[in-house]
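Secondary and tertiary structure notes
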Amino acid sequence: MQPTTFDFHHREDEIGQLVFLEECKDVPFEVKRVYYIYGVKDGARRGFHAHKSLEQACICIHGSCKVMLDDGKERIDVVLDDPTKGLYVGNAVWREMYDFSEDAVFLVLASEYFDEQDYIRDYDQFLAYLKEKEA
Ligand code: T46
């Protein structure tokens, strides 16, 4: 599995940096929700779930962290440490986020409003869901 990443528009001038992105242009979906994670405790791991429909773009806008993606066949680990780059996380992919630096701010653009019914929070259920989808 190869990660899909985005390079966002970046403007630098004498007074600082600016990054911008637009829905359906720089990320391949309409953005219905934005959330961000920060202050992650040392050594903590988050995620441990997949989504049935949700698509997301993850950006570590400050500091760094790693994201593990698992499509049921393969696992990859992606380092996010650049506020101009995003990682696409599609549906039916198990994700875990870890190795957050103390100053990490992890921003997520999401294609859907929050819906707990869209989560698969058990790994065996995730594998069963993939099997069902393939059948
Ligand atoms: C994901 C990864 C990358 C809400 O009520 N609304 C929201 O929009 C979100 C994102 C969460 N919540 C609630 C649900 C839980 O009671 O906040 C609590 C913590 O969420 P969760 O344990 O799912 O957080 P993470 O960091 O494990 O996962 C989050 C997203 O939930 C998930 O969609 O893909 O970040």
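On a predicted model such as this, the values are computed, not experimentally measured, just so you know.

1. Some remarks on the packing of aromatic side chains
Taken as a whole and judged by the stated rule, the model has eight aromatic pairs. For the pair Tyr-123 and Phe-126, a centre-to-centre distance of 5.7 Å together with 50° between the ring planes defines the contact as tilted. Here the residue Tyr-123 and the residue Phe-126 both occupy positions in helix H1 (residues 123–134), the gap between them amounting to three residues, near one helical turn. By relative accessible area, Tyr-123 is classed as partly exposed at 28%. Within the aromatic cluster, the residues linked to one another by ring pairs are Phe-6, Phe-8 and Tyr-88. Across the ring face of Tyr-98, the terminal group of Arg-45 is positioned such that the distance to the ring centre comes to 4.2 Å.

2. A look at the nonpolar core
One finds Val-67, Leu-69, Leu-80, Leu-87, Phe-100 and Phe-106 to be the most contacted residues of the largest nonpolar core, which totals 18 residues. Of all the secondary-structure elements, those providing two or more residues to this core are strand S6 (56–62), strand S7 (65–70), strand S8 (75–80), strand S9 (85–89) and strand S11 (105–110). Setting aside chain neighbours within four positions, we find Phe-106 in contact with Tyr-35, Tyr-36, Ile-37, Cys-58, Ile-59, Cys-60, Cys-65, Val-67, Leu-80, Met-97 and Phe-100. If you look at the next biggest cluster of nonpolar residues, it comprises nine residues, including Met-68, Ala-92, Ile-120 and Tyr-129.

About the cut-offs
Residues numbered from 1 in each chain as written. Predicted model: local features only at pLDDT ≥ 70, side-chain atom pairs only at ≥ 80, totals over all residues. Heavy atoms only, no water. Phe/Tyr/Trp six-rings, centres within 6.5 Å; stacked < 30°, edge-to-face > 60°. Helix = DSSP H or I, 4+ residues; strand = E, 2+ residues; numbered from the N terminus. Buried < 20%, exposed > 50% of the residue type's maximum accessible area, 1.4 Å probe, protein only. Lys NZ or Arg CZ within 6 Å of the ring centre and 35° of its normal. Core = buried A, V, L, I, M, F, W, Y, C linked by side-chain atoms within 4.5 Å. Contact = heavy atoms within 4.5 Å.

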